[in-house]
Amino acid sequence: MTPILYLIGLSLLLGGGGLALFLWASRSGQYDDMDGAANRILFDDPPGETPPPAQSQPARPYPEKR
Amino acid sequence: MSAAALASAGAAHAQAATCAHCGGEAAPGARFCCTGCAAAFETIQQLGLGNYYRDVVRDTLARPLRPADAPAAALRTDLARFVRDDAQGRHELSLAVDGLQCGACVWLIESVLGRDPRVQAARVNMTTRRLRLAWRGAAGDGAALVEMIERLGYRLVPFDPACLAAAQDRTGRELLKALAVAGFATANAMLPAVAIWIGLFNDMGPATRALLHWVSALIAMPAIVYAGRPFFRSAWGALRVGRTNMDVPISIGVILVTAMSLAQTIAHAEHAYFDSAVALLFFLLVGRVLDHHARAHARAAAEQLIALQQSDVGVLEDDGTVARRAAETVPVDARVLVGPGERIGVDGTVEVGEGLLDTSLVTGESLPVAATVGARVFAGTLNLGAAITVRAAATGGATLLAECVRLMDAAEARRGRFVMFADRVARRYAPVVHTAALATFLWWWAIQGIAVADALLIGAAVLIITCPCALALAVPAVQVIGTGWLFRRGVLVKSPTALERLAESDTVVFDKTGTLTDPALHLVAGEGHDASAMLLAATLAATSRHPLSRALAAAAGPVVPAQGVREVVGAGLELDTPEGTLRLGSAAFVGGDSGAAATPSLFLARPGQPSVRFDFAEALRPDAAATIAALRRLGLDVHLLSGDREGAVSAVAAQLGITAWHAGCSPVDKVARIEALRAAGKRVLMVGDGLNDGPCLAAAHVSMSPSTAAEISQNAADMVFQGASLAPVAATQRMARRMRRLSHENIALSLAYNVVMVPVAMAGYVTPWLAALAMSTSSLLVMANSFRLRRGISEGTSR
């Protein structure tokens, strides 16, 4: 009987953690731009942090889009 | 198009190059289609952002990335009005972005702005196509930053984020949170529930079972209160005014089943249905969230289209300077300067100058009319001629706009409230199931004489089984897939009932100007349009933004724009060559024969040669005839109502084989015709774009307008379609009918499930695990059936 109580508590804790995380992500606007999020992962570098390369273009870390 | 024009265009097409910046057609051998593109390419390379060209995937529905298509944002609108300052001295601006092709554009815009030391933050939301820009320094620097992006080919329009889409987003977020809570509760209430179901075969002790029931109750009940609110609120709203909708049986079912299960749990009984109740809400919320997002997406895109049309009015101050103001804030009797190619922002009378006005969006008249001093002009008209000064008239009840708004309100009030198919089903369904559940309870309790609690439990099982989970998903599932399919093809469905109404329509009424015909003017074949004259005229015209120049350049195909062309505002273009001065412009400007001024025309004067006249006229959209034929095949009657002259209308009607046409209609006439059709029992689809079509769009059973339509018409229309093609009208009609068929199939499926399961429930054989299984199966079946929509339609239209 006792293990069941622990397990129920644990499952609720884990599930509740996931729920809280989701609500936080939703509130902080992380679901506001789903198209952008899907594309941003492919961007070359964070804008404005690296100076423009002199002449040659940097090698691509990901395969060409077709 | 003339034979010569065709020949020269054909020659150009044979070896046309692709512009390295915008991807459009360029003259043979040229790298760019225009100087703007060349400059943009240069800028991007200098910033070391050339990777953009490797990554960009062109979007055929988006505006091509050609700079200088319209006056710069800073000239169109007063940016300062939209700039907000925060406590740290940062200035912030929200802008709608036009011309985004793909993710690479987001990267490009953010990178370009990010390299500017003044910029604090630049973030493009790709879903809503909006840019949030924050910078330090002078508030006026915003204009420079905006111009920097506009020079790359994008168009930016400032907007006030407080006015747009804030309220509806709250609904979306509330639904999403409710879904999350329901999902969490379903998963966790299912755990003890499954344990109990297995315990049934395994001799679970009553104490353990009671504990697990209590755990289920503690998880499920708060979740039901929280996640059920959207349903309870809507059901209460309907009941309070004496109606029912789909949410009424859902709410009654969920509340009764929960109360029942609580009573069972307190009594330490064998069965409780907490998991079913919350799973039901979860399934329904999935449908609601998807449905809401699809529509919010379409509405945001429609808002964007309207925002992009807006521009400020240039008010002429007493000291002779021009101040940009929002049209609503222009005082009566202010003098407004309207440049060539600019839309008039206010109603008024012409005070200085002589303009050539394109009133197609306002009255449906296809040919531009001359406006001399003292002529009355209306907001929304496009000035094709020289700059004019307009004295703003009172925006009281006498204006054309005010009349249209009044007619629209009246039409909308007369149009009855449309009841969604699902709600019509629910109205019949709810009383039947509630009676069945009550009868079952009474039968077992009063006639069979079993304990009240047991009889109640069987009654509750009937409610659970009949709770219209599949029924409530039947229509939204189809709607989500259909709306998404249309959205990707440029049709924005704004009203939730639009497609159901469209599927019912049996008559289609078209407006002529700008709807059946192309909103842009086309070159008419004429004398002396040989290849050399065309090419010469086009190289001059390609440097100008004037609508006639653009029509001429478009007819000639891609050319290399001439260097050193001077634009004489309101007159024409000049170019000095070794042989003498070339001129392209009005008759007076080139000194040619003026002829009849009935049609808009340009003259080309070359030294030592007779001047060549280019006439322009409206032309049908390229697929107008095919679309009309397709609509006829779908069994629709085609009508044409236009405010234009009889000759122009009858020509178009004859070309398209439309026999039911009326010319010279005022907005009042148009509405009267629509209402006469309705009185004859027809369900009318109205397709129109002008201000004068607004009342019709509101009066018709269902309405569509192109994205080039006047703002008021786009607001009134149920659906907006983008692009130069008219085909979306027929495609949407086909889609709407398929959707109706699938919705009916889905409803039939879920009713069939009820017919099978309800007797089982009434006989008292349904246990919680069986209820959960049956409910999930029927919901999944309906969802799976809805996906057939996507498969069938892509085969059907890819011909």
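None of the values given here were measured: they were computed from a predicted structure.

1. Looking at the overall build of chain A
Logical step 1: Helix and strand content of chain A: two helices and zero strands.
Logical step 2: Considering chain A as a whole, with its 66 residues, one finds that 2% of them fall into the buried category.

2. Looking at the sheet that holds strand β23 (residues 601-605) of chain B
Residue and element names in this part refer to chain B.
Logical step 1: Read across the open sheet, the six strands follow the order β19-β24-β23-β22-β21-β20; overall the sheet is antiparallel. Bordering the open sheet on either side are β19 (522-524) and β20 (566-568), each of which pairs with just one other strand. Taking each pair of neighbouring strands and ignoring which way they run, the sheet shows an average axis angle of 25°.
Logical step 2: Here β23 pairs with strand β24 (residues 612-617) via four bridges, running antiparallel. Residue pairing across strands places L604 opposite V612, the latter belonging to β24.
Logical step 3: The sheet contacts of helix α19 (residues 531-541) involve β21 (572-577), β22 (580-585), β23 and β24, and relative to β22 the element is tilted by about 80°.
Logical step 4: Packed on one face of the sheet, helix α20 (residues 547-556) meets β19, β23 and β24 and runs near 70° to β19.

3. Structural notes on the pairing of strand β9 (residues 322-325) of chain B
Residue and element names in this part refer to chain B.
Logical step 1: Bridge analysis of strand β8 (residues 313-316) against β9 gives four bridges, and the strand direction is antiparallel. Following the sheet pairing, V313 is matched in β9 by R325.
Logical step 2: If you look at the hairpin formed by β8 and β9, you'll find five residues sitting between the two strands, and G320 has a positive phi there, around 90°.

4. Quick notes on the domain arrangement of chain B
Logical step 1: According to the domain assignment, chain B contains domain 1 (34-162), domain 2 (167-298 + 418-467 + 750-797), domain 3 (480-518 + 621-643 + 651-737) and domain 4 (522-617).
Logical step 2: Relative placement of domain 1 of chain B and domain 2 of chain B: their C-alpha centres are 49 Å apart.

5. Concerning the sheet that holds strand β12 (residues 355-358) of chain B
Residues and elements named next belong to chain B.
Logical step 1: Taken in spatial order, the three strands make up an open sheet running β13-β12-β15, and their pairing is antiparallel. The open sheet is flanked by β13 (369-371) and β15 (382-383), the only strands paired with a single partner.
Logical step 2: In this structure, β12 lies alongside β15, joined through two bridges in antiparallel fashion. For L357, the partnering residue across the bridge sits in β15 and is N383.

6. A word on the nonpolar core
The nonpolar side chains of a soluble globular protein tend to be buried, and buried together.
Residues and elements named next belong to chain B.
Logical step 1: Of all hydrophobic cores here, the largest spans 249 residues; its most connected members are I109, A182, V278, A537 and L552.
Logical step 2: A per-element tally of this core places helix α11 (residues 274-309) first, with 18 residues.
Logical step 3: Excluding residues within four positions of it along the chain, A537 makes contact with L552, L584, L604 and F614.

7. Considerations on the pairing of β21(B)
All names here are of chain B.
Logical step 1: Two strands pair when backbone bridges link them, and β20 and β21 are joined in this way by three bridges, in the antiparallel orientation. Bridge assignment links V568 to a residue of β21, and that residue is G572.
Logical step 2: Pairing of β21 with β22, which is carried by six bridges, proceeds in the antiparallel orientation. Bridged to L575 within β22 is L582.

Cut-off values and rules
Residues numbered from 1 in each chain as written. Chains lettered and ligands numbered in written order. Predicted model: local features only at pLDDT ≥ 70, side-chain atom pairs only at ≥ 80, totals over all residues. Helix = DSSP H or I, 4+ residues; strand = E, 2+ residues; numbered from the N terminus. Buried ≥ 20, exposed ≤ 12 C-beta atoms within 10 Å, placed from the backbone. Pairing = 2+ DSSP bridges. Axes fitted to C-alpha atoms, helices over the stretch in contact; angles between N-to-C directions. Contact = placed C-beta atoms within 7 Å. Domains from an automatic or database assignment. Core = buried A, V, L, I, M, F, W, Y, C linked by C-beta atoms within 7 Å.

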